[in-house]
Amino acid sequence: MAGRVADKVAFITGAARGQGRSHAVRLAQEGADIVAVDVCRQVGSSSEIPAATRDDLAETAGLIKDLGRRVVTAEVDVRDYDALASALDGAVEELGRLDIVVANAGIGNGGNTLDRTSEADWQDMIDVNLSGVWKTVKCAVPHLLSSGPGGSIILTSSVGGLKAYPHTGHYIAAKHGVVGLMRTFAVELGQHFIRVNSVHPTNVNTPMFMNEGTMKLFRPDLENPGPDDMAVVAQMMHVLPVGWVEPVDISNAVLFLASEESRYVTGLPLTVDAGSMLK
């Protein structure tokens, strides 16, 4: 059915590319106007993943406008609550309301065991992937309450928010923490008919996963591994015979949780994992 979030306004972090862009476009396809924010620069010094850019965010905005929907963009770091709140305040004033929050911004860094993870990598990870999610929801709640009744908040966690993997312990800790945020917000906001859920992707075909560092993490036995080399190992993580899923697969789950089809779904950790949790 078309128009599943017609005339609603969605606030999406990490929207310049990857899953965030996909979520923004998918919700716009179904009738939503979009507040799209991204830091558009490198966070920390150790990540081998190239940062999203101002041009990436502009491209996201163009895709939304091409669908006939309104969009407001801002270059904001989710670690900076005051800047995030200010950007959202201005966007809501322009677009008129807020109905959906997708706290999607996240980073990947490091690759060491926990006992060898640097304090800088740990702090960046927790500040963005956990505290940034809290700050995103915190600045959005007053707008949801004033726009209500109701609303939907979707937090991006990971299969790593439900089980552990080696060499990514700080990421695992942050993504487990997102589940705690989701469940607590669901309990606290349920009285206002605001639903709060999390999505838990497995590997997704975005720059966060498709990069040299991740390929070497999966195939340390090879000097210069590529996607085909990584796929052999990545497929072993899943019940379905794939190494990764596409961004739209996660976006379809986000759309379901944002729509009235899930009007009584709250506190749910929804996996889109090709059966990874069965392994």
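From a predicted model like this one, the values you see are computed outputs, not experimental measurements.

Student: Is there a simple way to explain the packing of helix α1 (residues 18-29) against helix α8 (residues 247-258) in this structure?
Tutor: When two helices pack together, their arrangement is given by the angle between the helix axes and by the axis-to-axis distance. Packing of α1 against α8 brings their axes to within 9 Å, and their N-to-C directions diverge by 50°. Here α1 is positioned oblique relative to α8, judged by the angle of their axes. Crossing geometry of α1 relative to α8 is assigned as right-handed. The segment α1 lies against α8, with Gly18, Gln19, Ser22, His23, Arg26 and Leu27 engaging Pro247, Val248, Ile250, Ser251, Asn252, Val254, Leu255 and Ala258. The residue makeup of the contact of α1 with α8, split by class, is seven nonpolar, six polar and one charged.

Student: Explain the side chain of Ser152 to me, please; I cannot follow it from the model alone.
Tutor: Positionally, Ser152 belongs in strand β5 (residues 151-156). At 2.7 Å, the side chain of Ser152 and the backbone oxygen of Leu257 are in polar contact. Apart from residues no more than four positions distant in its own chain, Ser152 is found in contact with Asp99, Ile100, Val101, Arg195, Leu257 and Ala258.

Student: I tried to follow the sheet that holds strand β6 (residues 194-201) on my own but got confused; where do I start?
Tutor: Strand pairing in a sheet takes place through backbone hydrogen bonds and is either antiparallel or parallel in direction. Pairing is parallel across the open sheet formed by seven strands, whose spatial order is β3-β2-β1-β4-β5-β6-β7. Looking at the sheet topology across the chains shown, the edges are occupied by β3 (71-75) and β7 (269-272). Pairwise comparison of adjacent strand axes, ignoring direction, gives a mean angle of 15° for this sheet. Sitting on the sheet, α1 touches β1 (9-13), β2 (33-38), β4 (100-103), β5 and β6, and the angle it makes with β1 is about 170°.

What counts as what
- Residues numbered from 1 in each chain as written.
- Predicted model: local features only at pLDDT ≥ 70, side-chain atom pairs only at ≥ 80, totals over all residues.
- Heavy atoms only, no water.
- Axes fitted to C-alpha atoms, helices over the stretch in contact; angles between N-to-C directions.
- Helix = DSSP H or I, 4+ residues; strand = E, 2+ residues; numbered from the N terminus.
- Parallel < 35°, antiparallel > 145°, perpendicular 65-115°, else oblique.
- Left-handed = near helix turned anticlockwise from the far one by under 90°.
- Contact = heavy atoms within 4.5 Å.
- Nonpolar A, V, L, I, M, F, W, Y, C, P; charged D, E, K, R; others polar.
- Polar contact = N/O pair within 3.5 Å; in protein donor to acceptor, adjacent residues only side chain to side chain.
- Pairing = 2+ DSSP bridges.

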